[in-house]
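Given next are the chains, with one letter for each unit.
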Amino acid sequence: MSSDLGMAERVAGPEIERLIQLLARLPGLGPRSARRAALHLIRRREELFEPLADAMQAARERVVVCGTCGNIDTVNPCTICRDERRDGSLLTVVETVADLWALERAAAMRGRYHVLGGTLSPLDGIGPKDLNLASLVGRVVAGGVKEVILAVNATVDGQTTAHYITDLLAHTGVRLTRLAHGVPVGGELDYLDEGTLAAAIRQRTAF
Amino acid sequence: MQWRDEGVIIGVKRHGETSVIVELMTRDHGRHLGLVRGGRSRRLQGVLQPANNVEATWRARLDEHLGTYTVEGTVLRAAEVMTSACALGGINLIAALLRLLPERDPHTALYEALTVIVEQLTDVGVAPALMVRFELGILGELGFGLDLTRCAATGSSADLVFVSPKSGRAVSRAAGGPYRERLLALPPFLGNGSERNPSATDIVAGFALTSHFLLRDVFEPRGLAMPSVRAAYIERMIKTASA
């Protein structure tokens, strides 16, 4: 009798199984969707699979963390830090690179960024030393920055971090601002929590 | 297994792409964790924030399982808490203190105290004194309660100004005078006087008192350091009071 009786039988060779296993580790993919993705890649070998493999290989070899802002790019300093058209007096502090990309998609800010690499979180044991804070202070103290925008998440950890940074930069004299809290586009007042509504009323603007 | 209870959210941790593990301090089921499926959705993100009150239903096949929560927000004050550094420090400290309690062990009196203190978190004139009392409550619930009602030496309930660092009992001015260097100060707002608006100095003395017993009886025996959020809260409170 086979020792692996009861286990799902393999339907492909070990290389394909390995590919499926690795794809299943990606965010948003489970074993079933990873299997579909793998099959899709194999079917479109020349137009997708090979370029993807090449792109991944190139990215793996060249991706670096920007020594100035903590962004990830293939050059150091990153493309944003090198861009001379950007306003160097405006520094936006974000938690992660994903947040930086989100703000760039919005194209609402043409300044520079600083990526903290997370938030202060007593629950997870993340303290100030675990974040990219020393370099933030260094950048502000070095001069040229007039305003620091604290674009951290509207969560308890995010706002605790924002207040910590406010204290940290208080002596520098730069203008410290944070993102407004309020009604999201498509949001219905009836479903909003009282705190957000109160914040939206407090931060109302002329119409 | 299923129950329904009210609770205050004290912690939220991401779990996978869409879910979160919520840590609730409930009235009848103590500090209790559970998975909230879809907890990272837009609808639930605002509800699942520390300091919010919720009505929660917990379900699991077996009692020892993590189980899943379905929650409905009842008092959503997290956004207000986020506007104040003191309040944020307060909820972080409350969470750190409540994590000293064993999971799923009901502490109804402490829950009642919690509902009062979270309501006052943004009031910097009231919250610090409540926090000191909350720490005394934690000590009491863990079996290390202080007796601040009468003098350990004379039995008198008048003019109590010291606390014995050994027994945790109050000592009157007359009885404790000769030993004042070795005794801890008992601020008036914790004594029988129940001062309504304690000064920052009294609050700091209150925190020094609880600090001694928390360290000696709770943190050190468990091999833990005092949480950094506590020092940060006290520092913030002093700064706000002096501003």
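This structure is a prediction, so every number in the text was calculated from the model and none was measured.

Rules of the game
- Residues numbered from 1 in each chain as written.
- Chains lettered and ligands numbered in written order.
- Predicted model: local features only at pLDDT ≥ 70, side-chain atom pairs only at ≥ 80, totals over all residues.
- Heavy atoms only, no water.
- Helix = DSSP H or I, 4+ residues; strand = E, 2+ residues; numbered from the N terminus.
- Rg over C-alpha atoms; globule rule 2.2 N^0.38 Å.
- Buried < 20%, exposed > 50% of the residue type's maximum accessible area, 1.4 Å probe, protein only.
- Contact = heavy atoms within 4.5 Å.
- Areas by Shrake-Rupley, 256 points an atom, 1.4 Å probe, with all protein chains shown as cover.
- Domains from an automatic or database assignment.
- Buried area = accessible area lost by both parts, 1.4 Å probe.
- Salt bridge = Lys/Arg side-chain N within 4 Å of Asp/Glu carboxyl O.
- Polar contact = N/O pair within 3.5 Å; in protein donor to acceptor, adjacent residues only side chain to side chain.
- Patch = residues over 30% accessible without salt bridge, like charges linked within 9 Å, V, L, I, M, F, W, Y side chains within 5 Å.
- Nonpolar A, V, L, I, M, F, W, Y, C, P; charged D, E, K, R; others polar.
- Pairing = 2+ DSSP bridges.
- Axes fitted to C-alpha atoms, helices over the stretch in contact; angles between N-to-C directions.

Colleague: Give a detailed account of the overall build of chain A, specifying residues and quantitative values.
Modeller: Helix and strand counts for chain A stand at eight helices and six strands. When the helices and strands of chain A are placed in sequence order, the string is α-α-α-β-β-α-β-α-β-α-β-α-β-α. Compactness check: chain A gives a C-alpha radius of gyration of 23 Å against a globular reference of 17 Å for 207 residues, more than 25% above the reference. Projected onto its principal axes, the C-alpha coordinates of chain A cover approximately 75 × 45 × 40 Å. Counting the 207 residues in chain A, one finds 33% classified as buried. Summarising the internal contacts of chain A: among those between residues at least 6 apart in sequence, 48% fall at separations of at least 24. Carbon and sulfur atoms provide 56% of the accessible area of chain A, an area that totals close to 13500 Å².

Colleague: A description of the domain arrangement of chain B should follow, citing residues and the corresponding values.
Modeller: Residues and elements named next belong to chain B. Along its sequence, chain B is carved into domain 1 (2–76) and domain 2 (84–148 + 186–242). Relative placement of domain 1 and domain 2: their C-alpha centres are 24 Å apart. For the pair domain 1 and domain 2, the summed buried surface comes to about 1600 Å²; carbon and sulfur atoms form 56% of the total. By the criterion of area lost to domain 2, the three top residues of domain 1 are M25, R27 and R31, representing 41% of everything that side buries. Taken together, the connections running from domain 1 to domain 2 amount to two salt bridges. The interface formed by domain 1 and domain 2 contains 10 residue pairs in polar contact (both at pLDDT 80 or more). Elements that contribute at least two residues to the side of domain 1 that touches domain 2 include exactly β1 (2–15), β2 (19–26), β3 (30–36) and β4 (53–59).

Colleague: How would you explain unusual backbone geometry if you had to name every residue and give the values?
Modeller: Geometrically, the link from N76 of chain A to P77 of chain A is a cis peptide bond, its omega value of 0 degrees lying close to zero. When you line up the elements, P77 of chain A lands in the loop between β2 (72–73) and α4 (79–82). Even without being glycine, A51 of chain B reaches a positive phi, approximately 90 degrees. Among the secondary structure elements, A51 of chain B is positioned in the loop between α1 (42–45) and β4. One non-glycine residue, D159 of chain B, lies in positive phi territory at about 55 degrees. As for its position among the elements, D159 of chain B is in the loop between α5 (127–141) and β6 (160–163).

Colleague: Summarise a nonpolar patch on the surface; cite the residues concerned and give the values.
Modeller: Together, V63, V65, I72 and W101 of chain A give the surface a local cluster of nonpolar side chains, amounting to about 370 Å² of exposed area. Examined against the element boundaries, W101 of chain A turns out to sit in helix α5 (residues 97–106).

Colleague: Describe the interface of chain A and chain B, naming the residues involved and giving the relevant values.
Modeller: Between chain A and chain B, the residue contacts involve 18 residues of the former and 23 residues of the latter. Here chain A and chain B share an interface that buries about 1700 Å² over both sides, 58% of which is from carbon and sulfur atoms. When the buried area of chain A at its contact with chain B is split by residue, L123, V156 and H163 of chain A rank highest and sum to 33% of it. Its salt-bridge partner being K239 of chain B, residue D167 of chain A comes within 3.9 Å of it at the nearest N-O pair. Secondary structure elements with two or more residues in the side of chain A that touches chain B: α7 (156–169) and α8 (194–202) of chain A. Counting residues per element, the side of chain A that touches chain B draws most heavily on α7 of chain A, at five residues. Its residues assigned to classes, the side of chain A that touches chain B shows six nonpolar, seven polar and five charged.

Colleague: Give me the pairing of β3 of chain B: which residues, what numbers.
Modeller: Residues and elements named next belong to chain B. Most of β3 is tucked away, with seven of its seven residues classed as buried. Alignment of β2 against β3, held across seven bridges, turns out to be antiparallel. Along β3, the bridge assignment pairs T26 with G30. Once β2 ends, the chain turns through three residues before running back antiparallel as β3.

Colleague: Lay out the sheet that holds strand β6 (residues 175–178) of chain A with the relevant residues and their values.
Modeller: Note: strands within a sheet are paired through backbone hydrogen bonds, in either parallel or antiparallel orientation. Residues and elements named next belong to chain A. Taken in spatial order, the four strands of this open sheet run β4-β3-β5-β6, and their pairing is parallel. Pairing within the sheet leaves two strands with one partner each, and these edge strands are β4 (111–115) and β6. With direction set aside, neighbouring strand axes in the sheet form an average angle of 25 degrees. Bridge count between strand β3 (residues 87–94) and strand β5 (residues 147–151): five bridges; the pairing is parallel. When the sheet's bridge partners are listed, T92 is paired in β5 with I149. The sheet contacts of α5 involve β3, β4 and β5, and relative to β4 the element is tilted by about 160 degrees.

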